[in-house]
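# Chains, contacts and geometry: an overview
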Amino acid sequence: SLPAKLINGGIAGLIGVTCVFPIDLAKTRLQNQQNGQRMYTSLSDCLIKTIRSEGYFGMYRGAAVNLTLVTPEKAIKLAANDFFRHHLSKDGKKLTLLREMLAGCGAGTCQVIVTTPMEMLKIQLQDAGRIAAQKKLMAAQAQLSSPAAAAEPAVESRTTATQITRELLRSKGIAGLYKGLGATLLRDVPFSIVYFPLFANLNKLGQKDPNVKAPFYVSFLSGCVAGSTAAVAVNPCDVIKTRLQSLQRGVNEDTYSGILDCTKKIWQREGPTAFFKGAYCRALVIAPLFGIAQVVYFVGIAEFLLDMLPKRRA
């Protein structure tokens, strides 16, 4: 049933995000740093420096936004894919690869309603620590070169998602929360086109009987493989989206007017390899996230909980 699908999708998202959020934070910071003042050299370097400067919970900056909105996002994504697959297979025939890709396209298009504002707010909170650390480093360097002229570094004030939302709504209206919508579509639609057909076919290999669900470990591994493959494939679009949605820039970092301008500047100033910044982080985030999501979704925790309710009343 649709309520069960939405509950399953929401639970899947909550569990997955909690497990992999620190890696996602590292991915955002690695993607945003440009050739000017580079703060981090790798995933492990980013996480170690984050813990040292911001504490353990610094790795979870922006997690509240993600945990709040990931439930409707994952629910929409998984339920929409099922909806489109159902309606595209009404003739009773097996879904062709093209129809599976169309279902994934529909799911990716639907999810951006929630994904765009969620990613917009999350990125500001995740990247705030990098920008603050960069400013402190620049202030320390200025202090060493000219002790008399250097000013005291400003104390970082922690901005919340609510403050960012209010400011964006006040200055730009609802469109402010949907900055980077085109880039989000450019990432999420191809991701879903690759992910859902690949997962369905991998999961099918583990089914002994077409009418019986595959074992949970098959769904988990299928979700991991399909998720990491799709994540790396669309990573250039994710880098562009992250850059466009960042409202604050570090020292000597570029600003962008749109997708084409961002693509051109990254290519010219940082080289083609810059489009794969954070690709392994993204694969590490997406693989367990979608592996867990598919296990929860296919095992059907919601059906179990909903079935228990009448028994408890009885």
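Provided above is the structure to which this section pertains.
Residues numbered from 1 in each chain as written. Predicted model: local features only at pLDDT ≥ 70, side-chain atom pairs only at ≥ 80, totals over all residues. Heavy atoms only, no water.

### Considering the packing of aromatic side chains
All chains considered together, the criterion is met by eight aromatic pairs. For the ring pair Phe21 and Tyr60, a centre distance of 6.0 Å and an interplane angle of 15° mean the geometry is stacked. With Phe21 in helix α1 (residues 2–32) and Tyr60 in the loop between α2 (43–54) and α3 (63–88), this pair connects stretches of sequence that are 39 residues apart. Relative accessible area serves as the criterion here: at 1%, Phe21 is assigned to the buried category. (Phe/Tyr/Trp six-rings, centres within 6.5 Å; stacked < 30°, edge-to-face > 60°. Helix = DSSP H or I, 4+ residues; strand = E, 2+ residues; numbered from the N terminus. Buried < 20%, exposed > 50% of the residue type's maximum accessible area, 1.4 Å probe, protein only.)

### Quick look at the pattern of salt bridges
Per the stated rule, a full pass over the model turns up 18 salt bridges. Where Glu54 meets Arg29, a salt bridge forms, and the shortest distance between an N and an O atom there is 2.9 Å. Within this pair, whereas Glu54 is found in helix α2, its partner Arg29 is found in helix α1, the two being separated by 25 residues in sequence. With respect to class, Glu54 is no different from Arg29; both count as buried. Residue Arg85 pairs with Glu100 through a salt bridge whose shortest N-O separation is 3.5 Å. Note that Arg85 is positioned in helix α3 and Glu100 in helix α4 (residues 97–145), a separation of 15 residues in sequence. In this structure Glu100 comes out as buried when scored by relative accessible area, which is 3%. (Salt bridge = Lys/Arg side-chain N within 4 Å of Asp/Glu carboxyl O.)

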